[in-house]
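This is what each chain is made of:
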Amino acid sequence: MNGKLIIQFESVSVEFAGRIALRDVSIALDAQRIGVIGSNGSGKSTFARMLNGLVTPTSGAVKVHGLDPVRDGKRLRRHVGFIFSNPDAQIVMPTVTEDLAFSLRGRGLTRSQVAERVASTLESIDLVVHADAPTHSLSSGQKQLLALGAILIGEPDLVVADEPTALLDAANSRKIGNRLLDEIPQQLVLVTHDLRLAARCDIVLRFESGKLHEHGDPRSVVARYERDHA
Amino acid sequence: MIGLYQPGTSLLHRTPAGVKVLVFAALTLAIALTAGGVWTLPAAGCLTAALYLLAGLGIRPLLRQLCAARWIVLVMLVTQVIFLPVLVALTNTGRVLIVIVLAALITLTTRIPALLDATERALAPFRRFGVNPAAIGLLLALTITAIPVIGGFATAIREAQRARGAPVRLQTFVVPLLVMSLKHSDELADALTARGIE
């Protein structure tokens, strides 16, 4: 899977128990850093979760680099990493090293290859000194860095982050935000309430009441969103 | 109770997980079969302490494991003393306590992936009966990881109730704990799916 991933939504609607979460969304995206903003319940998380098949469209078609996230979910998930807002819910193994190594299970790598990738990922997320620490003893910021590392170690082409800074303090939010926006080479879909982070993306999508309200230049979209919610 | 791995280079750290589990099973069997002997418990106790020292862990982790088992010891002892002579109750409880502490020694000296690999290898012959060894291994890992998380929920609930001046009652504690645990399991399921685990 080389080149830029193209995200395509064609007349996509999602309904949960009679409530419309997403209404007739059509868009094609190939920007490197895609910001997604909107009020609570506006449909932005539903949009993000559809990118690797966590949510199924009720009608319409979703394609991520030509693959259907529902039908080709298993194949696509190797190329789409997903970060949730609550890091506790993404940590599977009891220690930091073990959790990173868990992402490489079933990939046919030798022990030394796994150890090598774990070591370089630990370095890239600044958790070398916590390599053997129990995951539950980490701070929220460190847990979110670990969650990010557990995604990046799989070398995905697209990283989807659903409010990754929602539970973090200002310093850790900045750290995670900078890491996502400035340091990772992957294409990024960043769902966030932090409008400063959204404004640093290449394009911003704004959702309102399940509809894709507007999309375009980040500063303009964010400015209008702030004005409408002043 | 579930001791987390403590890095080291001792003989116990280097011994394969499967061998450790087999030796543990043999020791447990020996303790059970020689329970009537006067020297069984003191000998098993000394052996356990020696193994902790051999693993380079010292006596402190051993005491921590003994302390963590105090409620099990108390419940076992009280219920047995009602029906059995005190010496028999003490012997039975002592045996269980030594087995718990020995089991903890395995997790203290073995990385979880090595334990999971050993579990998966041991269960591989049962694949023909529909058993999925990888799923069972993952289940064990998730259980170990979930314990401190659910412990954190319990603390948060107690603190929230105290902050509102509400007395801590069983029903007002158990229901929110269940709800939070179920929500956590939902989120964990999504995260596993997102990480490619079906």
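This one's a predicted model, so the numbers in the text were calculated from it and none came from an experiment. Think of each chain on its own: its residues are numbered from 1, step by step along the sequence as written. Chain A is the first chain written and ligand 1 is the first ligand written, with later ones labelled in order. In view of the model being predicted, local features appear only for residues whose pLDDT reaches at least 70, and side-chain atom pairs are presented and counted only at 80 or more, with totals across whole chains, interfaces and linings using the full set of residues.

## Brief notes about the overall build of chain B
Inclusion rule: Put simply, DSSP H or I for four residues or longer makes a helix, DSSP E for two residues or longer makes a strand, and each gets a number counted from the N terminus. Using C-beta atoms placed from the backbone, we call a residue buried if 20 or more other C-beta atoms fall within 10 Å of its own, exposed if 12 or fewer do, and partly exposed for counts in between. Residue pairs are scored as contacts if the distance between their C-beta atoms, which are placed from the backbone, is within 7 Å.
Each helix and strand counted, chain B has nine helices and zero strands in total. Starting at the N terminus and walking to the C terminus, you meet the elements of chain B as α-α-α-α-α-α-α-α-α. Dimensions of chain B along its principal axes, counting C-alpha atoms only, are 50 × 45 × 35 Å. Out of the 198 residues belonging to chain B, those deemed buried represent 21%. Nonlocal contacts in chain B, meaning residues at least 24 apart in sequence, comprise 70% of its contacts between residues at least 6 apart.

## Notes on the overall build of chain A
The cut-off we apply is this: Only the C-alpha atoms count toward the radius of gyration. The rule for a globule is 2.2 Å times the residue count to the power 0.38.
Broken down by element type, chain A carries eight helices and nine strands. Against the compact-globule benchmark of 17 Å for 230 residues, chain A has a radius of gyration of 18 Å, which places it among compact chains. C-alpha extents for chain A along the principal axes are approximately 50 × 40 × 35 Å. By residue count, 49% of the 230 residues in chain A fall in the buried class. Considering only contacts within chain A whose residues lie at least 6 apart along the sequence, 64% involve residues at least 24 apart.

## Here's the deal with the sheet that holds strand E4 (residues 59–64) of chain A
Residues and elements named next belong to chain A. Here is the rule we go by: Only when DSSP finds a minimum of two bridges between them are two strands counted as paired. What counts as an axis is a line fitted to C-alpha atoms, over the stretch in contact for a helix, and the angles between N-to-C directions run from 0 to 180 degrees.
Read from one edge of the open sheet, three strands run E2-E1-E4, paired in antiparallel fashion. Looking along the sheet, the strands with just one partner apiece sit at the ends: strand E2 (19–29) and E4. For this sheet the average axis-to-axis angle between neighbouring strands, irrespective of direction, equals 25°. Where strand E1 (residues 7–16) and E4 come together, five bridges link them in antiparallel fashion.

## Brief notes about unusual backbone geometry
All names here are of chain A. Phi is positive for His-65, which is not a glycine, with a value near 50°. We note that Glu-155 has phi near 50°; this positive angle belongs to a residue other than glycine. Here Glu-155 lies in the loop between helix H5 (140–152) and strand E6 (158–162). What makes Glu-155 partly exposed here is the crowd of 15 C-beta atoms within 10 Å.

## Brief notes about the nonpolar core
Across soluble globular proteins, you tend to see nonpolar side chains buried next to one another. As a reminder of what qualifies: We call a set of buried Ala, Val, Leu, Ile, Met, Phe, Trp, Tyr and Cys residues a nonpolar core when their C-beta atoms link them within 7 Å. Domain start and end points were adopted from an automatic or database domain assignment.
Counting residues in each nonpolar core, the largest one holds 90 residues, and the members touching the most others are Val-36, Val-160, Val-189 and Leu-190 of chain A. For this core, the domains that each give at least three residues are domain 1 (11–110) and domain 2 (127–194) of chain B. Once residues lying within four places of it in the same chain are set aside, the contact partners of Val-189 of chain A are Ile-34, Val-36, Ala-48, Leu-51, Leu-158 and Val-160 of chain A.

## So, the pairing of strand E5 (residues 80–83) of chain A
Residue and element names in this part refer to chain A. Covered by surrounding structure in E5 are Val-80 and Phe-82 together with Gly-81 and Ile-83, the residues of both alternating faces. As paired strands, E5 and E6 are joined by four bridges and run parallel to one another. Opposite Val-80, over in E6, you have Leu-158 as the bridge partner.

## A few points about the domain arrangement of chain B
The domain architecture assigned to chain B consists of domain 1 (11–110) and domain 2 (127–194). Between domain 1 of chain B and domain 2 of chain B, the C-alpha centre-to-centre distance is 28 Å.

## Some details on the sheet that holds E6 of chain A
The pairing of strands in a sheet comes from backbone hydrogen bonds and takes either a parallel or an antiparallel form. Residues and elements named next belong to chain A. Reading across the sheet, the six strands line up as E5-E6-E7-E3-E8-E9 and stay open at both edges, with mixed pairing between neighbours. Strands with a single pairing partner mark the edges of an open sheet, and in this sheet they are E5 and strand E9 (211–216). Across this sheet, the average inter-strand angle for adjacent strands is 15°, counted without regard to direction. Along the sheet face, helix H8 (residues 218–228) touches strand E3 (33–38), strand E8 (203–208) and E9 and points at about 25° away from the line of E8.

## Some words on the packing of helix H4 (residues 59–68) of chain B against helix H6 (residues 86–109) of chain B
Residues and elements named next belong to chain B. For the record, the criterion: Any angle between 65 and 115 degrees counts as roughly perpendicular, while under 35 counts as roughly parallel, over 145 as roughly antiparallel, and the rest as oblique. For any helix crossing, the convention is left-handed if the near helix is rotated counterclockwise from the far helix by under a right angle, and right-handed if that rotation is clockwise. Note that Gly is not counted as nonpolar here; it falls among the polar residues with everything else outside the nonpolar set of Ala, Val, Leu, Ile, Met, Phe, Trp, Tyr, Cys and Pro and the charged set of Asp, Glu, Lys and Arg.
For the pair H4 and H6, interaxial distance at closest approach is 10 Å and the crossing angle is 125°. Classified by the angle between their axes, H4 and H6 sit oblique to one another. With respect to the hand of their crossing, H4 and H6 are arranged in right-handed fashion. The segment H4 lies against H6, with Pro-61, Leu-62, Gln-65 and Leu-66 engaging Val-101, Ala-104 and Leu-108. Among the residues making up the contact of H4 with H6, the classes are represented as six nonpolar, one polar and no charged.

## Observations concerning helix H6 (residues 170–183) of chain A
Residue and element names in this part refer to chain A. Selection rule: Helices are assigned an expected span. That span is 1.5 Å times one less than the residue count. In this description, one arc is meant: the one made by directions from the helix axis to the C-beta atoms.
Compared with an ideal rise of 1.5 Å per residue, which puts 14 residues at 20 Å, H6 spans 19 Å between its outermost C-alpha atoms and is within 8% of the ideal. Those residues of H6 that fall on the buried side of the exposure criterion are Ser-173, Ile-176, Gly-177 and Leu-180. Summarising the axial view, the buried residues of H6 lie within an arc of 100°, below the 170-degree limit, and thus occupy one face. Turned more than 90 degrees away from the buried face of H6 sit Ala-171, Asn-178, Asp-182 and Glu-183, all of them exposed. Looking at the buried side of H6, the elements it contacts are H5, E6, strand E7 (187–191) and helix H7 (195–199).

## Structural notes on the pairing of E6 of chain A
All names here are of chain A. Threshold: Handedness of a crossover is defined as follows: with both strands directed away from the viewer, a clockwise route from the first strand across the helix to the second makes it right-handed.
When you tally the buried positions in E6, you get five out of five residues, the bulk of the element. Both faces of E6 are covered, namely the face carrying Leu-158, Val-160 and Asp-162 and the face carrying Val-159 and Ala-161. Since E6 and E7 lie parallel, the crossover through H6 that links them has a hand, and here it is right-handed.

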